[in-house]
Amino acid sequence: MPATREVPRFDPVRVGGRYRSGRLARHRRRALAVGLAVTATALVAAGPRDTEGARGHPRARPPGHTASVPSGERPAPPRRTAGAVTAPVRIADAATVRLLRPGDRVDVIAAEETVTGGDARIVARGARVTKVPEPLEGVSDDGALVVLSVPRATAARLAGAGATARLAVTLW
(Lines give C-alpha, C1' and ligand atoms only; values in the text may rest on other atoms or scores of the structure.)
Protein backbone atom coordinates (compact mmCIF):
# COMPACT_ATOMS: atom_id res chain seq x y z
CA MET A 1 0.00 0.00 0.00
CA PRO A 2 1.38 3.44 -0.90
CA ALA A 3 2.11 5.98 1.72
CA THR A 4 -0.51 8.65 2.34
CA ARG A 5 0.18 12.16 1.21
CA GLU A 6 -1.27 15.51 2.03
CA VAL A 7 -3.91 16.93 -0.39
CA PRO A 8 -2.69 20.15 -2.08
CA ARG A 9 -4.65 23.39 -1.63
CA PHE A 10 -6.87 24.52 -4.58
CA ASP A 11 -9.71 26.96 -5.21
CA PRO A 12 -13.20 25.66 -4.68
CA VAL A 13 -15.04 24.30 -7.75
CA ARG A 14 -18.18 26.22 -8.72
CA VAL A 15 -20.84 24.02 -10.26
CA GLY A 16 -23.28 25.40 -12.85
CA GLY A 17 -21.24 28.36 -14.11
CA ARG A 18 -21.35 27.36 -17.74
CA TYR A 19 -25.07 26.66 -17.55
CA ARG A 20 -25.72 30.15 -16.25
CA SER A 21 -24.07 31.68 -19.36
CA GLY A 22 -26.20 29.48 -21.62
CA ARG A 23 -29.36 30.58 -19.84
CA LEU A 24 -28.34 34.23 -20.23
CA ALA A 25 -27.81 33.73 -23.98
CA ARG A 26 -31.21 32.06 -24.26
CA HIS A 27 -32.90 35.02 -22.57
CA ARG A 28 -31.10 37.44 -24.88
CA ARG A 29 -32.34 35.53 -27.93
CA ARG A 30 -35.89 35.60 -26.61
CA ALA A 31 -35.66 39.33 -25.92
CA LEU A 32 -34.31 39.92 -29.43
CA ALA A 33 -37.12 37.83 -30.97
CA VAL A 34 -39.76 39.74 -29.00
CA GLY A 35 -38.19 43.06 -30.03
CA LEU A 36 -38.19 42.08 -33.70
CA ALA A 37 -41.82 40.95 -33.51
CA VAL A 38 -42.89 44.24 -31.91
CA THR A 39 -40.95 46.21 -34.55
CA ALA A 40 -42.53 44.24 -37.40
CA THR A 41 -46.00 44.79 -35.97
CA ALA A 42 -45.38 48.52 -35.64
CA LEU A 43 -44.11 48.74 -39.24
CA VAL A 44 -47.15 46.92 -40.59
CA ALA A 45 -49.50 49.14 -38.59
CA ALA A 46 -47.75 52.32 -39.79
CA GLY A 47 -47.42 51.10 -43.40
CA PRO A 48 -48.67 52.99 -46.47
CA ARG A 49 -52.39 53.35 -46.98
CA ASP A 50 -52.94 53.09 -50.73
CA THR A 51 -56.29 53.81 -52.33
CA GLU A 52 -55.44 51.40 -55.09
CA GLY A 53 -54.07 48.04 -53.97
CA ALA A 54 -50.92 46.77 -55.61
CA ARG A 55 -51.06 43.56 -57.58
CA GLY A 56 -51.14 40.55 -55.28
CA HIS A 57 -52.50 42.59 -52.37
CA PRO A 58 -56.19 43.22 -53.03
CA ARG A 59 -58.01 45.69 -50.83
CA ALA A 60 -60.75 44.41 -48.59
CA ARG A 61 -64.17 45.82 -49.46
CA PRO A 62 -67.20 45.75 -47.19
CA PRO A 63 -69.94 43.28 -48.12
CA GLY A 64 -72.35 44.70 -50.69
CA HIS A 65 -69.85 47.34 -51.87
CA THR A 66 -70.10 48.12 -55.57
CA ALA A 67 -67.33 49.66 -57.63
CA SER A 68 -69.71 51.68 -59.83
CA VAL A 69 -70.13 55.44 -59.46
CA PRO A 70 -73.62 56.94 -59.56
CA SER A 71 -74.42 58.76 -62.79
CA GLY A 72 -73.50 62.43 -62.84
CA GLU A 73 -70.75 62.01 -60.22
CA ARG A 74 -67.07 61.78 -60.94
CA PRO A 75 -64.99 59.10 -59.19
CA ALA A 76 -62.52 60.37 -56.61
CA PRO A 77 -59.05 60.92 -58.06
CA PRO A 78 -56.34 58.50 -56.92
CA ARG A 79 -54.42 59.61 -53.83
CA ARG A 80 -50.94 60.92 -54.56
CA THR A 81 -48.01 61.46 -52.30
CA ALA A 82 -46.98 65.01 -51.40
CA GLY A 83 -45.18 66.71 -54.29
CA ALA A 84 -46.20 64.05 -56.81
CA VAL A 85 -47.76 64.82 -60.19
CA THR A 86 -49.36 62.54 -62.76
CA ALA A 87 -47.33 62.14 -65.92
CA PRO A 88 -48.62 60.41 -69.05
CA VAL A 89 -45.74 58.47 -70.63
CA ARG A 90 -45.69 56.68 -73.99
CA ILE A 91 -43.89 53.35 -73.67
CA ALA A 92 -42.42 51.95 -76.91
CA ASP A 93 -43.61 48.35 -76.37
CA ALA A 94 -47.41 48.22 -76.10
CA ALA A 95 -47.36 44.55 -75.01
CA THR A 96 -45.34 45.48 -71.92
CA VAL A 97 -47.89 48.12 -70.92
CA ARG A 98 -50.68 45.50 -71.01
CA LEU A 99 -48.88 43.73 -68.13
CA LEU A 100 -49.18 46.77 -65.86
CA ARG A 101 -51.96 47.43 -63.35
CA PRO A 102 -52.73 50.51 -61.23
CA GLY A 103 -50.66 50.40 -58.06
CA ASP A 104 -47.64 48.68 -59.65
CA ARG A 105 -44.18 50.20 -59.22
CA VAL A 106 -41.96 50.55 -62.29
CA ASP A 107 -38.61 51.92 -63.36
CA VAL A 108 -38.68 53.88 -66.64
CA ILE A 109 -35.67 53.40 -68.92
CA ALA A 110 -34.77 55.65 -71.87
CA ALA A 111 -32.95 53.94 -74.75
CA GLU A 112 -31.26 56.39 -77.14
CA GLU A 113 -29.79 55.48 -80.50
CA THR A 114 -26.30 56.90 -80.95
CA VAL A 115 -23.68 56.68 -83.69
CA THR A 116 -21.59 54.28 -81.61
CA GLY A 117 -24.54 52.08 -80.63
CA GLY A 118 -27.27 52.28 -78.04
CA ASP A 119 -27.25 53.95 -74.66
CA ALA A 120 -29.80 53.24 -71.92
CA ARG A 121 -30.36 55.14 -68.69
CA ILE A 122 -32.93 55.03 -65.91
CA VAL A 123 -35.11 58.14 -65.99
CA ALA A 124 -37.51 57.31 -63.13
CA ARG A 125 -37.17 54.84 -60.26
CA GLY A 126 -40.14 53.39 -58.36
CA ALA A 127 -42.82 55.33 -60.24
CA ARG A 128 -46.36 54.28 -59.25
CA VAL A 129 -48.73 53.34 -62.08
CA THR A 130 -51.99 55.26 -61.56
CA LYS A 131 -53.80 54.40 -64.79
CA VAL A 132 -53.38 52.26 -67.91
CA PRO A 133 -55.70 53.78 -70.56
CA GLU A 134 -57.26 51.54 -73.21
CA PRO A 135 -55.63 51.94 -76.65
CA LEU A 136 -57.56 54.05 -79.16
CA GLU A 137 -58.95 52.45 -82.32
CA GLY A 138 -57.21 53.28 -85.60
CA VAL A 139 -54.02 54.61 -83.95
CA SER A 140 -50.73 53.34 -85.34
CA ASP A 141 -48.72 50.99 -83.14
CA ASP A 142 -46.16 53.47 -81.83
CA GLY A 143 -46.36 52.24 -78.26
CA ALA A 144 -48.89 52.56 -75.47
CA LEU A 145 -49.72 55.18 -72.90
CA VAL A 146 -49.37 54.73 -69.14
CA VAL A 147 -50.03 57.33 -66.43
CA LEU A 148 -47.45 57.46 -63.62
CA SER A 149 -47.35 59.30 -60.30
CA VAL A 150 -43.87 60.82 -59.90
CA PRO A 151 -42.20 63.87 -58.33
CA ARG A 152 -42.36 67.05 -60.42
CA ALA A 153 -38.64 66.96 -61.34
CA THR A 154 -38.93 63.35 -62.51
CA ALA A 155 -41.96 64.26 -64.65
CA ALA A 156 -39.84 66.88 -66.43
CA ARG A 157 -37.09 64.29 -67.07
CA LEU A 158 -39.70 61.83 -68.39
CA ALA A 159 -41.12 64.40 -70.80
CA GLY A 160 -37.65 65.26 -72.09
CA ALA A 161 -36.61 61.64 -72.47
CA GLY A 162 -39.88 60.76 -74.23
CA ALA A 163 -39.15 63.36 -76.90
CA THR A 164 -35.64 62.08 -77.68
CA ALA A 165 -35.60 58.36 -76.84
CA ARG A 166 -37.68 55.20 -76.77
CA LEU A 167 -39.01 54.49 -73.28
CA ALA A 168 -39.34 51.08 -71.62
CA VAL A 169 -40.44 49.94 -68.15
CA THR A 170 -39.32 47.29 -65.72
CA LEU A 171 -41.83 46.02 -63.18
CA TRP A 172 -40.79 45.78 -59.52
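Small disclaimer: the values here were computed from a predicted structure and weren't measured.

Draft legend 1. Inspection of the overall build of the protein chain at higher detail. The number of helices and strands found in the protein chain is 3 helices and 5 strands. Shown N-terminal to C-terminal, the secondary structure of the protein chain runs as helices and strands in the order α-β-α-β-β-β-α-β. Counting only residues that meet the buried cut, the protein chain has 21% of its 172 residues in that class. As displayed, the protein chain offers around 13,800 Å² of accessible surface, 58% of which is attributable to carbon and sulfur atoms.

Draft legend 2. Looking closely at the nonpolar core. Val146, Leu148 and Leu158 are the most contacted members of the largest nonpolar core, which has 24 residues in total. For this core, the elements supplying multiple residues, two or more each, are strand S1 (84-91), helix H2 (94-97), strand S2 (105-114), strand S3 (117-131), strand S4 (144-151), helix H3 (152-164) and strand S5 (166-171). When neighbours within four sequence positions are excluded, Leu158 is seen to be in contact with Ala87, Val89, Val108, Val123, Ala124, Leu148, Val150 and Leu167.

Draft legend 3. Region of interest: the side chain of Asp107. The topology assignment puts Asp107 in strand S2. Lacking a salt bridge, the buried Asp107 has Arg125 as its closest oppositely charged neighbour, with an N-O distance of 4.8 Å. Side-chain polar atoms of Asp107 contact the backbone nitrogen of Gly126, separated by 2.9 Å.

Draft legend 4. Looking closely at a nonpolar patch on the surface. Together, Val7, Phe10 and Val13 make up an exposed nonpolar region whose accessible area comes to about 380 Å². Turning to its location among the elements, Phe10 is positioned in the segment before helix H1 (17-45). Take Phe10: its relative accessible area is 64%, and that puts it in the exposed class.

Draft legend 5. Geometry of the pattern of salt bridges. Under the definition given, this model contains 1 salt bridge. One salt bridge in this structure joins Arg121 and Glu112, with 3.2 Å as the shortest N-O distance. On the basis of relative accessible area, Arg121 is assigned to the partly exposed category, the value being 36%.

Draft legend 6. Local environment of the environment of Arg98. Topologically, Arg98 is positioned in the loop between H2 and S2. When its relative accessible area of 59% is taken as the criterion, Arg98 is described as exposed. For the pair Arg98 and Glu134, spaced 36 residues apart in sequence, the C-alpha to C-alpha distance is 9.2 Å.

Draft legend 7. Spotlight on the pairing of S4. For S4, the tally of buried residues reaches 6 of 8 residues, placing the bulk of the element in the interior. Relative to S4, S1 runs antiparallel, the two being bridged by 8 bridges. Within the sheet, the bridge partner assigned to Val89 lies in S4 and is Val146.

Draft legend 8. Focus on H3. Under the 1.5 Å per step criterion, the end-to-end length of H3 is 19 Å for 13 residues, consistent within 8% with the ideal 18 Å. For H3, the full list of buried residues reads Thr154, Ala155, Leu158 and Ala161. Buried residues of H3 fall within an arc of 130° about the axis and therefore sit on the same side. Exposed residues lying more than 90 degrees from the buried face of H3 are Arg152, Ala153, Ala156, Ala159, Ala163 and Thr164.

Draft legend 9. Representation of the confidence of the model for the protein chain. Overall, the prediction assigns the protein chain a mean pLDDT of 77, with 67% of residues at 70 or greater. The secondary structure element of the protein chain with the lowest average pLDDT is H1, at 75, and the one with the highest is S4, at 92.

Procedures and definitions
- Residues numbered from 1 in each chain as written.
- Predicted model: local features only at pLDDT ≥ 70, side-chain atom pairs only at ≥ 80, totals over all residues.
- Heavy atoms only, no water.
- Helix = DSSP H or I, 4+ residues; strand = E, 2+ residues; numbered from the N terminus.
- Buried < 20%, exposed > 50% of the residue type's maximum accessible area, 1.4 Å probe, protein only.
- Areas by Shrake-Rupley, 256 points an atom, 1.4 Å probe, with all protein chains shown as cover.
- Core = buried A, V, L, I, M, F, W, Y, C linked by side-chain atoms within 4.5 Å.
- Contact = heavy atoms within 4.5 Å.
- Lys, Arg positive; Asp, Glu negative; His and termini not counted.
- Salt bridge = Lys/Arg side-chain N within 4 Å of Asp/Glu carboxyl O.
- Polar contact = N/O pair within 3.5 Å; in protein donor to acceptor, adjacent residues only side chain to side chain.
- Patch = residues over 30% accessible without salt bridge, like charges linked within 9 Å, V, L, I, M, F, W, Y side chains within 5 Å.
- Pairing = 2+ DSSP bridges.
- Expected span 1.5 Å × (residues − 1).
- Arc of directions from axis to C-beta.
- pLDDT = per-residue confidence, 0-100.

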